[in-house]
Amino acid sequence: MSAAPADGPSGLLLVDKPEAMTSHDVVDAVRRLLGTRRVGHTGTLDPAATGLLVLCVGRAGRLQSFLTCYDKSYEGTMKFGVETDTYDREGTPVGTPHPDPRPDEERLRAACSRWVGEFEQAPPPFSAKKVGGKKFYELARRGEAVPHLPKKVRVTRFDAVEVTADAARFHVDCSSGTYIRSLAHDVGKELGLGAHLASLRRTRIGPFSLERARTLPELEALPPAERTSPPSWMPLSEVPLPFPAIALLPGEAVKVRRGHAVPVRVPTETTGAPWVRLVASGALVALGHLEPLGRGALALAKPKIVLQD
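The rules behind these values
Residues numbered from 1 in each chain as written. Predicted model: local features only at pLDDT ≥ 70, side-chain atom pairs only at ≥ 80, totals over all residues. Heavy atoms only, no water. Helix = DSSP H or I, 4+ residues; strand = E, 2+ residues; numbered from the N terminus. Buried < 20%, exposed > 50% of the residue type's maximum accessible area, 1.4 Å probe, protein only. Contact = heavy atoms within 4.5 Å. Areas by Shrake-Rupley, 256 points an atom, 1.4 Å probe, with all protein chains shown as cover. Pairing = 2+ DSSP bridges. Phe/Tyr/Trp six-rings, centres within 6.5 Å; stacked < 30°, edge-to-face > 60°.

Chemist: How would you sum up the overall build of the chain? Please name residues and give values.
Modeler: When helices and strands are counted, the chain shows seven helices and 19 strands. Within the span of the chain, comprising 309 residues, buried residues form 46% of the whole. Considering only contacts within the chain whose residues lie at least 6 apart along the sequence, 68% involve residues at least 24 apart. When the accessible surface of the chain is totalled, it reaches about 15,000 Å², and 53% of it is carbon and sulfur.

Put into structure tokens, the structure is as follows:
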């Protein structure tokens, strides 16, 4: 268990989001449970979806930009025979239901495989994507045209793992920003059956897995001091940032905490690294950049994101 500093805890909290709660609802609940307003998330889930949320608590909010672009994994169910305007079960049915929505397994798996790779994907009409300060779903609800704004996404796995009557369970590994309900909608179109996303559960965000997450009732049942404890809690020094570390002496750490650059000896593994972790006594003090000093093995370590006050 990690001790909380005077200004409250700082680290990552892995939460298993329940169905029917928004991601912001979960953030509000964690603020209450941890006694701090300094909580944010690294990527939302729709209210109907469940699974992993990675929350940044306290000074970990300064790491948020490094944690939002990880690849993600999901498991879910698509239901055939009915399309909806939102591409999921929350929406209004569109068109006439297919009279025989049972998919052919071989054609289904072939259709899923065709969505593996890099491609342009447009957000669904009912999504939180913004244009001109307005969300797509606000435009769609008013009957206004929703812009076609595709962006490149990457799907590395899209497997139908079980087919039962008019539904199929699937697994997806994909880049951040991929709309899983659009994949279900597109597969239904390709099969000529129509389909919508019936359930979705996020199981992984980069190096963070759902197995380590706690539910909100589990967190609430813990004594307050144990709510920032493993396996769902990760202190700043244990956040798996993909940057090489430079050890600071105590006096150097004091300067870095104040935002001052310090000369350091450059380890070979920092060559070409966009960022470095500046560490003192095993604790992460700051993230920064290296500026070479002449042609020697010294560089100026310039803190850009200070994580210890």
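Chemist: Quick one: what's the story with the pairing of strand β4 (residues 72–80), residue by residue and with numbers?
Modeler: Buried residues dominate β4, accounting for seven of its nine residues. The pairing of β4 with strand β11 (residues 167–174) spans eight bridges and is classified as antiparallel. Within β11, the position partnered with T77 by the bridge is R169. Examined bridge by bridge, β4 and strand β12 (residues 195–205) share nine bridges and lie antiparallel to one another. In the sheet register, K79 faces β12, and the bridge partner there is H196.

Chemist: Can you explain the pairing of strand β10 (residues 151–164)? Please cite residues and give values.
Modeler: Regular strands show a simple pattern: their side chains alternate between the two faces of the sheet. As paired elements, strand β7 (residues 117–121) and β10 share five bridges and run antiparallel to each other. Bridging from a neighbouring strand, F119 pairs with V153 of β10. Relative to β11, β10 runs antiparallel, the two being bridged by eight bridges. If you follow D159 over to β11, its bridge partner there is H171.

Chemist: Any details on the packing of aromatic side chains? Residues and values, ideally.
Modeler: Counting across every chain of the model gives five aromatic pairs. With 5.2 Å between their ring centres and 90 degrees between their planes, F66 and W275 make a pair best called edge-to-face. On the criterion of sequence distance, the pair formed by F66 in helix α2 (residues 64–67) and W275 in the loop between β16 (262–265) and β17 (276–280) is long-range, its members being 209 residues apart. Overall, W275 belongs to the buried group, its relative accessible area being 19%. Each ring, one from Y70 and one from F208, has its centre 6.0 Å from the other, and the planes form 80 degrees; the classification is edge-to-face. One end of the pair, Y70, is in the loop between α2 and β4; the other, F208, is in strand β13 (residues 208–209), with 138 residues separating them in the sequence. With respect to class, Y70 is no different from F208; both count as buried.

Chemist: So what's going on with the side chain of T178? Residues and values would help.
Modeler: Within the secondary structure, T178 sits in the loop between β11 and α5 (180–191). Excluding residues within four positions of it along the chain, T178 makes contact with Q121, V153, R154, V155 and L183.

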